Amino acid sequence: YAPISQVRFGLPPYGSMKVETVSRPSLQAGYGALDSAAGVAVLRSFSGQDLVSEAAVPAAEAATRWVMYAETGSQVSTGVAIANPASTVANVTLRLSDGRQATLQIPARGHRAAFVDQFFSDLQSFLGTLTIQSDVAVAVLALRGTDAGGRFIIATIPLSSKTPDAGGNMVF
């Protein structure tokens, strides 16, 4: 299979379109950019031919700071994908709420995806927040992965690029 670098299509106002990637024998990673006011991607997890779980991920504008819930343990881990749509290298700092810190560079129009424990060496167990700071605007996606008896269940994790307000009411 040859990688596709760009697919162009037009939609009428309030229109929609389904674009599905082709199944491949090995895992492929990448990201998509959408020139639109709204968009959503659906990520699916399969066991053989059986759909195990799926999660809808809304499109988001790139920003220089992101904050999210993060967890890693024996059967759960937060996955983080960072895409750099800019034409320059992104210098990224990842900081856990317990003070641990890691840095990485993402090439222009490149991406990096890993579980939280893969970004930080010797991270056995963690429950808290992850802050991502970059010198250029990056797009971030966070997923919670759970091992449920050999079946990989995924769920989206909300994240924010805004500075949190002090006080106020939170509703769940």
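Every residue gets a number counted from 1 within its own chain, in the order that chain's sequence is written. Two thresholds apply to this predicted model, a pLDDT of at least 70 for residue-level local features and 80 or more for giving and counting side-chain atom pairs, whereas whole-chain, interface and lining totals are computed over all residues. Processing note: side-chain calculations cover all non-hydrogen atoms of the structure and skip hydrogens and water entirely.

Caption draft 1: Layout of the pairing of strand 1 (residues 40-47). Pairs of strands are assigned from DSSP output, requiring at least two bridges between the strands. Segments assigned H or I by DSSP are reported as helices when at least four residues long, segments assigned E as strands when at least two residues long, and all are numbered from the N terminus. As paired strands, strand 1 and strand 2 (residues 50-58) are joined by 8 bridges and run antiparallel to one another. Bridging across to strand 2, Ser47 finds its partner in Asp50. Counted between consecutive antiparallel strands, the loop separating strand 1 from strand 2 contains 2 residues, among which Gly48 sits at a positive phi close to 65 degrees.

Caption draft 2: Summary view of the nonpolar core. One finds Val80, Ile82, Leu94, Phe120, Leu130 and Ile132 to be the most contacted residues of the largest nonpolar core, which totals 26 residues. When residues of this core are traced back to their parent elements, those giving at least two are strand 3 (63-72), strand 4 (76-83), strand 5 (90-96), strand 6 (101-106), helix 1 (116-119) and strand 8 (126-148). No other element matches strand 8, which puts 7 residues into this core. The contact criterion used throughout is that any non-hydrogen atoms of two residues lie within 4.5 Å. Leave out the neighbours within four places in its chain, and Ile132 touches Thr64, Arg65, Trp66, Met68, Val80, Ile82, Val92, Thr93, Leu94 and Val140. In these notes, a set of buried Ala, Val, Leu, Ile, Met, Phe, Trp, Tyr and Cys residues joined through side-chain atoms within 4.5 Å is what counts as a nonpolar core. Here's how the labels work: a residue is buried when its accessible area is under 20% of the maximum for its type, exposed when over 50%, partly exposed in between, all with a 1.4 Å probe on protein chains only.

Caption draft 3: Fine view of the packing of aromatic side chains. Working definition: rings of Phe, Tyr and Trp (its six-membered ring) pair if their centres are within 6.5 Å, and the pair is stacked with planes under 30 degrees apart, edge-to-face with planes over 60 apart, and tilted otherwise. If you walk through the whole model with that rule in mind, you get 1 aromatic pair. An angle of 85 degrees between the planes, with centres 6.3 Å apart, marks the rings of Phe115 and Phe152 as edge-to-face. Of this pair, Phe115 sits in strand 7 (residues 111-115) while Phe152 sits in strand 9 (residues 151-156); the two residues are 37 residues apart in sequence, bridging distant segments of the chain. Assessed through its relative accessible area of 30%, Phe115 is described here as partly exposed.

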